[in-house]
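Close look at the chain arrangement
Now for the letters of each chain:
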Amino acid sequence: MGSGGLELPPGGEGHEGSGSTEVPPGAVSLARPMGAGSIGPELDWDAGAWLEVRTRAQRAGRAYIWLNLVEQRLRAVVAAVLRPVYEPVHGDDWVVAAAGPAGQEWVQRAVAVREVSRRKGYLLDPADDNVLSFLTLPQLRELMVQHWPCFEPYFDERRDLELALDELEVTRNVVSRNRALSEAVLNQAERASARLLELLGAAGDVPSAARLPVDAVEDLVGDRYADVVAVHSDRVRLMGQFPAEDLFGGARRLDAIGIGLNLLVQNFSGRRLVRLAESGCRVRLLFLNPASSAVKRRERELGMKRGELARSVEMNILHMRRVRSRLRDPGAFEIQVYDETPRFTAYLVDGDGADGIGVVQSYLRGARGMESPVLVLRGGSRVVKPDQAGETGLFPTYREEFEAAWADSRPVS
């Protein structure tokens, strides 16, 4: 007899009457195990399910990093402004005093959570042993709203601050409950977080951020990847995320080496190149000599018709010569050719300063440039591992390779 007053069916082998298939009236039928190997397929995730949960986890992880940065910054701002006002009178209870009667309920809840964390050993860092560390983003916001006259001298527009915090609230609730986060909401959260950090005086100071914004994840865990900030399986995906206008527009220096430099020649108009050069950008373009034996070997590797690649490179060079002929200072737009075996193509934008960006592709034996993997590098003042000045990334390596190849090349008249 079961606990609910219902009779259970007979058990397994060895139980009296187990051989009978009849179920007594009022008995509850229970599903029997099908065997050790039968449960796995029912509980297992297929490839689609794994892809879905990985996508959800990646989005939630990115959102959590942004939320964590904003919350830490907001906590620091609240402490910097309100602590000097309340601590001299209320001591360690200054947060409770600042919350006042309107915030008594949530601040007391934070005090209780802090005490529980103390007893259970959850406070791993002594710096977190304060009530302020247990306030949530909405509660920190409430402290700012209650004491806005104290914060007003530091912010131009209260409405901008509150709108950005409103946009983050949806993401905060989704992430805290481990629910699905859409790409649109994640993008909104990243924009709102970046705006908040800017308003709170913690915007990124990387010079290249205007052309290639510093990602929160890159800033925190980028030391795993040297100065590689993006990897694309081919040039089509690169252009989808990083159009030629974003890469070359506004550059003050452009050095490029490759076979035909199609990324520049075919995706950035001659008119734009003229305007770029006239605005002060110095350009050095290094093509593979279309008459060299290296071009013929590359044609055979790619299965191209004889002379096909050579004509393509020659047309690109002629196009760049026409651009150069329209400049007031042709010396600022240099074109040269080399005869060595091509090993890579690289576009180094502002590579001589603290805001350099590099796009690099290695030549694969059977793949054209459009089909080869692409690395996007951040040069100059590196975001990652700032305390390890002796370490260098890939950007200086390719810059040195370019300079060596340029020194051994011949100018095109």
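Thresholds applied
Residues numbered from 1 in each chain as written. Predicted model: local features only at pLDDT ≥ 70, side-chain atom pairs only at ≥ 80, totals over all residues. Heavy atoms only, no water. Helix = DSSP H or I, 4+ residues; strand = E, 2+ residues; numbered from the N terminus. Contact = heavy atoms within 4.5 Å. Patch = residues over 30% accessible without salt bridge, like charges linked within 9 Å, V, L, I, M, F, W, Y side chains within 5 Å. Areas by Shrake-Rupley, 256 points an atom, 1.4 Å probe, with all protein chains shown as cover. Salt bridge = Lys/Arg side-chain N within 4 Å of Asp/Glu carboxyl O. Lys, Arg positive; Asp, Glu negative; His and termini not counted. Charge placed at Lys NZ, Arg CZ, Asp CG, Glu CD. Buried < 20%, exposed > 50% of the residue type's maximum accessible area, 1.4 Å probe, protein only. Core = buried A, V, L, I, M, F, W, Y, C linked by side-chain atoms within 4.5 Å. Phe/Tyr/Trp six-rings, centres within 6.5 Å; stacked < 30°, edge-to-face > 60°. Bend = angle between axes of the 7 residues up to and from the residue. Polar contact = N/O pair within 3.5 Å; in protein donor to acceptor, adjacent residues only side chain to side chain. Axes fitted to C-alpha atoms, helices over the stretch in contact; angles between N-to-C directions. Parallel < 35°, antiparallel > 145°, perpendicular 65-115°, else oblique. Left-handed = near helix turned anticlockwise from the far one by under 90°. Nonpolar A, V, L, I, M, F, W, Y, C, P; charged D, E, K, R; others polar. Pairing = 2+ DSSP bridges. Expected span 1.5 Å × (residues − 1). Arc of directions from axis to C-beta.

Some words on the overall build of the protein
Secondary structure summary: the protein contains 16 helices and eight strands in total. Across the protein, every contact between residues at least 6 apart in sequence was considered, and the portion connecting residues at least 24 apart equals 70%.

Topic: a positive patch on the surface
Residues K296, R297, R300 and R306 make up a contiguous surface patch of positive charge. Tracing the chain through its elements places K296 in helix 14 (residues 293-302). A relative accessible area of 39% means that K296 is categorised as partly exposed.

A look at the nonpolar core
F248, L285, F287, M320 and F333 are the most contacted members of the largest nonpolar core, which totals 60 residues. Once residues lying within four places of it in the same chain are set aside, the contact partners of F333 are L273, A277, V283, L285, M320, V323, R324 and L327. If you look at the next biggest cluster of nonpolar residues, it comprises 41 residues, including W94, A98, V131 and F151.

Focus: the packing of aromatic side chains
A full pass over the atoms with the stated rule returns six aromatic pairs. Both rings, one in W45 and one in W50, keep their centres 4.9 Å apart while their planes meet at 85°; by these two values the pair is edge-to-face. Given a relative accessible area of 45%, W45 falls into the partly exposed group. Each residue in the set F248, F268 and Y347 is aromatic and connected to the rest through ring pairs, giving one cluster.

Digging into helix 2 (residues 47-90)
Most pronounced at R83, the bend in helix 2 amounts to some 55°, and the proline P84 follows within four residues. If you check the start of helix 2, you find a side-chain oxygen 3.2 Å away from the backbone N of G48, and it comes from D46. Phi for G91, located one or two positions after helix 2, is positive at around 60°.

Let's talk about the side chain of E299
The topology assignment puts E299 in helix 14. Buried charge E299 goes without a salt bridge, the closest partner of opposite sign being R306 at 6.3 Å. Not counting chain neighbours up to four residues away, the residues in contact with E299 comprise M304, K305, R306, G307, E308, L309 and A310.

Quick look at the packing of helix 2 against helix 8 (residues 183-199)
Between helix 2 and helix 8, whose axes approach to 10 Å, the crossing angle comes to 20°. In terms of orientation, helix 2 and helix 8 fall into the roughly parallel class. Considering the relative orientation of helix 2 and helix 8, their crossing is left-handed. Judged by residue contacts, R59, R62, A63, W66, L69, V70 and R73 of helix 2 engage E183, L186, E190, S193, A194, L196 and L197 from helix 8. Its residues placed into classes, the contact of helix 2 with helix 8 shows eight nonpolar, one polar and five charged.

Concerning the pattern of salt bridges
Under the criterion given, the structure shown has 26 salt bridges. When the shortest N-O distance is used, the salt bridge between R195 and E198 registers 3.6 Å. Within this pair, R195 and its partner E198 are both found in helix 8, separated by three residues, close to a single helical turn. The partly exposed category is assigned to R195, whose relative accessible area is 33%. In this structure E198 comes out as partly exposed when scored by relative accessible area, which is 48%. Here R328 and E278 are joined by a salt bridge, their closest N and O atoms 3.0 Å apart. Taken together, the residues span a long stretch of sequence, with R328 in the loop between helix 15 (308-325) and strand 4 (333-338) and E278 in helix 13 (residues 270-278) at a distance of 50 residues. Judged by relative accessible area, which is 29%, E278 ranks as partly exposed. Connected via shared salt-bridge partners are R114, E115, R118 and D129.

What about the sheet that holds strand 7 (residues 374-378)?
Reading across from one edge, 1-7-6-5-2-3-4-8 is the order of the eight strands in this open sheet, with mixed pairing throughout. Two strands lie at the open edges of the sheet, namely strand 1 (228-232) and strand 8 (410-411), each paired on one side alone. Relative to the sheet, helix 15 contacts strand 3 (282-288) and strand 4, its axis offset from that of strand 4 by approximately 160°.

Focus on helix 15
Between its first and last C-alpha atoms helix 15 spans 26 Å; for 18 residues at 1.5 Å apiece the expected length is 26 Å, and the two agree. Along helix 15, the residues classified as buried are L309, A310, V313, N316, I317, M320, V323 and R324. Buried positions in helix 15, seen along its axis, are confined to an arc of 145° and lie on one side of it. Turned more than 90 degrees off the buried face of helix 15, the exposed positions are R311, M315 and S325. Among the structural elements, helix 12 (262-265), helix 13, strand 3, helix 14 and strand 4 are those in contact with the buried residues of helix 15.

Re the packing of helix 5 (residues 137-146) against helix 7 (residues 158-176)
Taken N-terminus to C-terminus, the directions of helix 5 and helix 7 make an angle of 165°; their axes are 11 Å apart at the nearest point. Between helix 5 and helix 7, the interaxial angle falls into the category roughly antiparallel. The handedness of the crossing between helix 5 and helix 7 is left-handed. Packed against helix 5, whose contacting residues are L137, P138, R141, M144 and V145, the element helix 7 presents R158, L161, E162, L165, D166, L168, E169 and R172 at the interface. Across the contact of helix 5 with helix 7, the residue classes tally to seven nonpolar, no polar and six charged.

Regarding unusual backbone geometry
A positive phi angle, near 55°, is found at N178, a position not held by glycine. You can see N178 is positioned in the loop between helix 7 and helix 8. Non-glycine residue L261 carries a positive phi angle of around 55°. Counting through the fold element by element, L261 comes out in the loop between strand 2 (253-257) and helix 12.

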